Structure formats: structure tokens, C-alpha cells
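Fold and contact review
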Amino acid sequence: MAGAVTLALAALPGVVASPALAANAAAKRGERVIEEWCRDCHVRDGSPQTPDMAPPFAAIVAVPGRDRDWFEDFLEADHFPMTTFRLFEHEKADVVEWLLDLQRKRP
Ligand code: HEC
């Protein structure tokens, strides 16, 4: 199980020396948060947009000026219609890494 391996490595200082690797692991965790809490409303990238669904994250990260600060601020605020939207701090951090990863992967 990849998650267990990552945790075991993270527990050994010096083994996970690369910040890029750590960000990658966080992005993977963020993806699970997105799947659990965000997919009821946000269409998948590449899926057709329908009027009752929120925009795909690929479009959201493509807007100029969306950087780490913007995503962090966004996740701190309440946004209609996401009023039931409460994530733990570590989940927010992982979601930010996932969004930044998605942004880096843009063609
Ligand atoms: C109840 C439905 C719903 C859920 C659940 C939801 N969203 Fe949204 N979200 C929306 C809608 C609708 C919009 C677009 C309307 C707007 O921009 O205010 C949006 C917009 C956004 C935006 C972009 C806002 C902008 O100004 O472009 C971000 C970022 C976002 N959501 C993140 C998330 C994340 C992360 C999650 C999961 C943790 C999530 N949303 C879950 C409905 C939802």
C-alpha cells in the first residue's frame, strides 16, 4: 500500500529529503480529498459542463493569478454554495498541493 510506505519513509528523517517528493505525496492525498468532497459539484476535467455543475479544476487553475496564496485564501473562506465545506487544515494543505500539481501539468 503506497500510503503506508510513504508514511514509513516520512518517519525517517533524511530519507525523504526531496521537497518535490513530499509535495507529490501531498498532492496524492489531496486527490483523495477532492474525490471525496468536491466531485459532487465539480465536473471532471474534460467532462461536459452542465448548468447545475461547478467548473472543472483544470479551468479553475488556468485563471491567471491563481497561485499558492490564492488557493490557500480560497480554502480559508466560506463560498456559496459550498457552505458545508469544512476541511481539516492538513486536508486543505493537500488540496492546495493537488491544485498546484494540476496547474504545473497544464499543456
Ligand atoms: C455544493 C457544491 C460544491 C462543492 C461540494 C464544491 N464546490 Fe467548489 N464551486 C462550486 C461552484 C458552484 C463554484 C462556481 C461558483 C463560484 O465561482 O462561486 C465553485 C468554485 C470553486 C472554485 C473557484 C472559484 C473561482 O472564483 O473561480 C474553487 C477553487 C473551488 N470551487 C474549490 C472547491 C474544492 C477544493 C472543493 C472540495 C473540497 C469544492 N470546491 C467543492 C460548488 C461546489
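How each quantity is defined
Residues numbered from 1 in each chain as written. Predicted model: local features only at pLDDT ≥ 70, side-chain atom pairs only at ≥ 80, totals over all residues. Helix = DSSP H or I, 4+ residues; strand = E, 2+ residues; numbered from the N terminus. Buried ≥ 20, exposed ≤ 12 C-beta atoms within 10 Å, placed from the backbone. Contact = placed C-beta atoms within 7 Å. Axes fitted to C-alpha atoms, helices over the stretch in contact; angles between N-to-C directions. Parallel < 35°, antiparallel > 145°, perpendicular 65-115°, else oblique. Left-handed = near helix turned anticlockwise from the far one by under 90°. Nonpolar A, V, L, I, M, F, W, Y, C, P; charged D, E, K, R; others polar. pLDDT = per-residue confidence, 0-100. Expected span 1.5 Å × (residues − 1). Core = buried A, V, L, I, M, F, W, Y, C linked by C-beta atoms within 7 Å.

**What about the overall build of the protein chain?**
- Per the secondary structure count, the protein chain includes five helices and zero strands.
- Counting from the amino terminus, the protein chain carries its helices and strands in the arrangement α-α-α-α-α.
- Each of the 107 residues in the protein chain was classed as buried or not, and the buried ones make up 13%.
- Once local pairs closer than 6 in sequence are excluded, the contacts in the protein chain between residues at least 24 apart make up 56%.

**Observations concerning the packing of helix 2 (residues 19–37) against helix 5 (residues 89–104)**
- For the pair helix 2 and helix 5, interaxial distance at closest approach is 7 Å and the crossing angle is 105 degrees. As summarised for this structure, helix 2 and helix 5 are arranged roughly perpendicular, according to the angle between their axes. Of the residues in helix 5, those touching helix 2 at Ala23, Ala26, Ala27, Arg29, Gly30, Glu31, Val33 and Ile34 are Glu91, Ala93, Asp94, Val95, Glu97, Trp98 and Asp101.

**Some remarks on the packing of helix 4 (residues 68–76) against helix 5**
- The geometry of helix 4 relative to helix 5 is characterised by a closest axis approach of 10 Å and an angle of 140 degrees between their N-to-C directions. In this view, helix 4 runs oblique relative to helix 5, as classed from their interaxial angle. In this structure, the crossing between helix 4 and helix 5 has a hand that is right-handed. Between helix 4, through Arg68, Phe71, Glu72 and Leu75, and helix 5, the contact on the second element is made entirely by Lys92, Val95, Val96, Leu99 and Leu100.
- Broken down by class, the residue content of the contact of helix 4 with helix 5 amounts to six nonpolar, no polar and three charged.

**Some words on the confidence of the model for the protein chain**
- In this model, the protein chain carries an average pLDDT of 84, and 79% of its residues clear a pLDDT of 70 or more.
- Averaged pLDDT values for the elements of the protein chain fall to 50 in helix 1 (residues 2–10) and rise to 96 in helix 3 (residues 57–62).

**Quick word on helix 5**
- A rise of 1.5 Å per residue sets the reference length of helix 5, with its 16 residues, at 22 Å; its end C-alpha atoms lie 23 Å apart and thus fit the reference within 8%.
- Turning to helix 5, its buried residues are Asp94, Val95, Val96, Glu97, Trp98, Leu99 and Leu102.
- Packing partners of the buried residues in helix 5 comprise helix 2, helix 3 and helix 4.

**Observations concerning the nonpolar core**
- Among the nonpolar cores identified, the biggest contains eleven residues, and these are Ala25, Ala26, Ala27, Phe57, Val61, Phe71, Val95, Val96, Trp98, Leu99 and Leu102.
- For this core, the elements supplying multiple residues, two or more each, are helix 2, helix 3 and helix 5.
- Sorting elements by how many residues they give to this core places helix 5 first, with five residues.
- Not counting the four nearest positions on each side in its chain, valine 96 is found in contact with Arg68, Phe71, Glu72 and Leu75.

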